[in-house]
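Survey of secondary and tertiary structure
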Amino acid sequence: MLLAATEHSQCGVWAKDGEGRYVWANPATARLLGREPAELLGRSDDELLPPEWAAPLKAADQTAMGQINPSYRDDKLPGLPGGAPLELLALRLPVQHGPDASDRCLCGVWTEVSEQRRAQAQLRLALDQLEAQQRQNEELRQELRDQSVRDPVTGVYNRRHFEEQLHREIDLSMREHREFALVSVQVDAYAALTSQHGREAAERTLQALGRLLRSNTRVMDAPCRLGEDRFAVVLSGVGLATAHSRMESVRRQCEAQLVMLEGAELHFTVSMGVASFPHTAYDREGLLRSADAALEEAKRRGSNCVMLAAIPFGPAAPPV
């Protein structure tokens, strides 16, 4: 009954003696080996296949013969000439058919999984392509979101984002009892720069300042453009001393920055005023006034400097 059943099976079913010669094979096995069933009997894989294909099969058979339990592994056969190699899932089981321990044969089953593997590979490729498309869509959505909150000239955030970030920072600071800094920034002599060198020079200067503000702030910070030559930076969780140190570094970088225009080298400087919530002010309007007052003091002292806002003395500020 077993022989009759395997005769019509799509799986290759075979048996080999201790020397690796086929003693029985069903038609599916012969098809996989590219032979007629009668050609297999009494012959080994070495005689039926090229060495590069026969050697792995022989090694797998020898390993299986030394075991008691069934062994599973992937086998490969050359397939039809000009076609892709056949991928097989192989089951090997040693069987003792006589009283002597040497009377052992090896029974095996080959299940062709080439088409299944190809389908799986195609599915993986399709899933990878879908994932890549989803990433591209997300990047596009992020780019569109950025366009709605970023200044197109400088790449920093716009006033709308500034107002939202300032509101969040005040709310966060009051709930978590921590401080943050607000910096008012203005390009020095911007009107004279525009008048003397033109709009393109002014725009390139603003672009250079935008790059420096972005590269010197963290993800949780918010460098923003509020007007033609006015900027603000919200520094999350940062006090006056740290904010002053960071902005002083930006000021020096601006002073050393070269802006090229038609072969000419242009220079620019900035003035900054640094305020802190809640030390220099404990509400939104007061904080804005405090940072702007420090900026005006920087300009009054000759520009190209960073000034700290005054900490008021008097009745204690409301607790944060």
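Structure shown above.
A brief report on the enclosed structure follows. Within each chain, residue numbers correspond to sequence positions counted from 1 in written order. Restriction of local features to residues with pLDDT of at least 70 applies here, the model being predicted, together with a cutoff of 80 or more for giving and counting side-chain atom pairs; totals for whole chains, interfaces and linings are based on all residues. In computing side-chain values, all of the structure's heavy atoms are included and hydrogens and water are not.

Regarding the sheet that holds strand S11 (residues 270-277)
Rule in force here: At least two DSSP bridges between two strands are required for those strands to pair. In DSSP terms, a helix is any run of H or I states spanning at least four residues, a strand is any run of E spanning at least two, and both are numbered starting from the N terminus. Here the axes come from fitting lines to C-alpha atoms, over the contacting stretch only for helices, and the angles between their N-to-C directions go from 0 to 180 degrees. Should any heavy atoms of two residues lie within 4.5 Å, those residues are considered in contact.
Taken in spatial order, the 5 strands of this open sheet run S7-S8-S6-S11-S12, and their pairing is mixed. Among the strands making up the open sheet, the edge pair consists of strand S7 (222-225) and strand S12 (306-308). In this sheet, adjacent strand axes meet at a mean angle of 20 degrees when their direction is disregarded. One ladder, built from 4 bridges, connects S7 with strand S8 (residues 230-235); its direction is antiparallel. For Ala 222, the partnering residue across the bridge sits in S8 and is Val 234. Sitting on the sheet, helix H7 (residues 159-176) is in contact with strand S6 (180-187), S7, S8 and S11, with an inclination near 155 degrees to S6. Contacts from helix H10 (residues 240-256) reach S6, S8, S11 and S12, with the element oriented near 165 degrees to S11.

Let's talk about the sheet that holds strand S1 (residues 12-16)
Pairing within the open sheet is antiparallel, and its 5 strands lie in the order S2-S1-S5-S4-S3. Each having just a single partner strand, strand S2 (22-25) and strand S3 (71-77) make up the two edges of the open sheet. Strand-to-strand, the axes of this sheet are offset by a mean angle of 25 degrees, without reference to chain direction.

Things to note about the environment of Met 174
Mapped onto the elements, Met 174 comes out in helix H7. For the pair Met 174 and Lys 299, spaced 125 residues apart in the sequence, the C-alpha separation amounts to 32 Å.

Topic: the nonpolar core
Nonpolar side chains tend to gather and get buried jointly when the protein is soluble and globular. Quick reminder of the rule: Nonpolar core, defined: a set of buried Ala, Val, Leu, Ile, Met, Phe, Trp, Tyr and Cys residues in which side-chain atoms within 4.5 Å join the residues together. Any residue under 20% of the maximum accessible area for its type is buried, any over 50% is exposed, and the rest in between are partly exposed; the area is computed with a 1.4 Å probe on protein chains only.
Val 183, Leu 209, Phe 231, Leu 235, Met 247, Val 270 and Met 272 are the most contacted members of the largest nonpolar core, which totals 30 residues. Those elements that place two or more of their residues in this core are S6, helix H9 (199-215), S8, H10, strand S9 (259-261) and S11. Once you skip the residues sitting within four places of it in the chain, Val 270 turns out to touch Val 185, Gln 186, Val 187, Asp 188, Leu 209, Arg 251, Cys 254, Asn 304 and Cys 305. Counting residues in hydrophobic clusters, the runner-up holds 21 residues, among them Phe 162, Phe 180, Val 234 and Ala 281.

Digging into the pairing of S1
S1 sits mainly inside the fold: 5 of its 5 residues count as buried. Residue alternation in S1 divides its side chains into two sets, Gly 12, Trp 14 and Lys 16 and Val 13 and Ala 15, and both sets are buried. Taken together, the 5 bridges between S1 and strand S5 (residues 104-112) define a ladder with antiparallel strand orientation. Looking at S5, one finds that Gly 12 is bridged to Trp 110. The pairing of S1 with S2 spans 3 bridges and is classified as antiparallel. Counted as the bridge partner of Ala 15 is Trp 24 from S2. Between S1 and S2, which pair antiparallel and follow one another directly, the connecting turn spans 5 residues, one of which, Gly 20, has a positive phi of 85 degrees.

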